Amino acid sequence: MNVAVVAFPGTNCEMDVVEAVRSLGAEAQVVFHDGDHLDGVDAVVIAGGFAHGDYLRPGAIARFSPIMPAVGDFAAEGGPVVGICNGFQVLTEAGLLPGALQKNAGLKFRCETSELRVETTDSALTGEAEVGQVLRIPINHFEGNYTCSPETLAELRAEDRIVLRYVDNPNGSVDDIAGICNAGRNVVGLMPHPERAGHELLGSTDGRVLISSLLSAAGARSAVSA
Amino acid sequence: MIFDVTVEVSLRPGIADPQGATIERALPALGFDGVSGVSVGKSIRFRVDAADHATASALVDDLCHRFLSNPVIEDSTATISAVDAASGAAAVSGAV
């Protein structure tokens, strides 16, 4: 089991993700933005931070990185891809997920533990969780206010693609959305940081079920293709 | 031909503009009354080398939609002016 953790200049959560994956017994390594291939990879995580300084818009420059076509190909083949925080912003800018993340309502940078409700277990990130389960996971963002057209929102609801909702909406996101997936359910984006909730010393271990779900999704796919 | 380009990026109607709202809220305390409808956007300026105005306009349009703005939340307007080679001043103007 091998997880590629994509990092751009300005990404700062890549080692947290590597550590979270390794703590669950799988292998992970950082893949930099200027590579153009992903070989022998079972899952991809686009880590959080401030890719290219968030200049222009969060994710706007990162989406043109040499590594992104490889991420797009991997996703198109059904490979599990998760974008966390800034990684979620990169996935929306790249068109791998619909909608956009606008500035938080109230102009506050939100850095706190949030409660998330699992809305579906049919995604690459929630296979081992339970619908209705509430997870305590940190958020850390200024532009996490999810928005999309009414048509897209209707589609997300109808297709059960809202993966996680905030119990107490911290940023103004439409329909309390904290995370969504694509139609294939293998690409997931979320603003909260499950990699920061992986040990008792961090105040919560609730992120482990999400990372573990990702590893299972990756393992199931590898077993089929092997 | 060289063209001077100015792209204005603004938030689409209905998209939260907390920066504009915060500036507007601060105005009365600073003694500025009667100011409303504050919004904050971006202005991006650059030069384009293209055969003619139409070619420059098509390139700028593509650039605006694919990179300089996110059409889900932002609108963009571009002003394109040919630079007079002799004086370096903008001679013809147009918008896309």
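For the structure itself, consult the block above.
Draft legend 1. Representation of the overall build of chain A. Across its full length, chain A holds five helices and 11 strands. On C-alpha atoms alone, chain A measures out to a radius of gyration of 16 Å, which is about the 17 Å that the 2.2 N^0.38 rule sets for 226 residues. In terms of principal-axis extent, the alpha carbons of chain A reach across some 45 × 40 × 35 Å. Accessible area of chain A: about 8,700 Å², with a carbon and sulfur share of 50%. Charge separation in chain A, taken as the distance between the mean sites of 15 positive and 29 negative side-chain charges, equals 6 Å.

Draft legend 2. The packing of aromatic side chains, seen in detail. Residues and elements named next belong to chain A. Counting across every chain of the model gives two aromatic pairs over all chains. Seen in terms of ring centroids, Phe88 and Tyr146 are 6.0 Å apart; in terms of plane orientation they differ by 10 degrees. Their pairing is stacked. Placement of the pair is Phe88 in helix α3 (residues 86–93) and Tyr146 in strand β8 (residues 145–147), with a sequence separation of 58 residues. When the ring centre of Phe64 is taken as reference, the NZ or CZ atom of Arg63 above it lies at 4.4 Å.

Draft legend 3. Looking closely at the pairing of strand β2 (residues 27–32) of chain A. Residues and elements named next belong to chain A. With six bridges connecting them, strand β1 (residues 2–7) and β2 associate as parallel partners. In the sheet register, Val3 faces β2, and the bridge partner there is Ala28. On the question of chirality, the crossover connecting β1 to the parallel β2 by way of helix α1 (residues 14–22) is right-handed.

Draft legend 4. Structural detail: the environment of A:Asp42. Residues and elements named next belong to chain A. Within the secondary structure layout, Asp42 lies in the loop between β2 and β3 (43–46). For Asp42 and Asn2, which are 40 residues apart along the polypeptide, the C-alpha to C-alpha distance reads 5.4 Å. Not counting the four nearest positions on each side in its chain, Asp42 is found in contact with Met1, Asn2, Phe74, Pro80, Ala218 and Ser222. In terms of polar contacts, Asp42 uses its side chain to reach the backbone amide nitrogen of Asn2, at 2.7 Å.

Rules used in this analysis
Residues numbered from 1 in each chain as written. Chains lettered and ligands numbered in written order. Predicted model: local features only at pLDDT ≥ 70, side-chain atom pairs only at ≥ 80, totals over all residues. Heavy atoms only, no water. Helix = DSSP H or I, 4+ residues; strand = E, 2+ residues; numbered from the N terminus. Rg over C-alpha atoms; globule rule 2.2 N^0.38 Å. Areas by Shrake-Rupley, 256 points an atom, 1.4 Å probe, with all protein chains shown as cover. Lys, Arg positive; Asp, Glu negative; His and termini not counted. Charge placed at Lys NZ, Arg CZ, Asp CG, Glu CD. Phe/Tyr/Trp six-rings, centres within 6.5 Å; stacked < 30°, edge-to-face > 60°. Lys NZ or Arg CZ within 6 Å of the ring centre and 35° of its normal. Pairing = 2+ DSSP bridges. Right-handed = clockwise from strand over helix to strand, strands pointing away. Contact = heavy atoms within 4.5 Å. Polar contact = N/O pair within 3.5 Å; in protein donor to acceptor, adjacent residues only side chain to side chain.

Coordinates in, geometry out; function isn't part of it.
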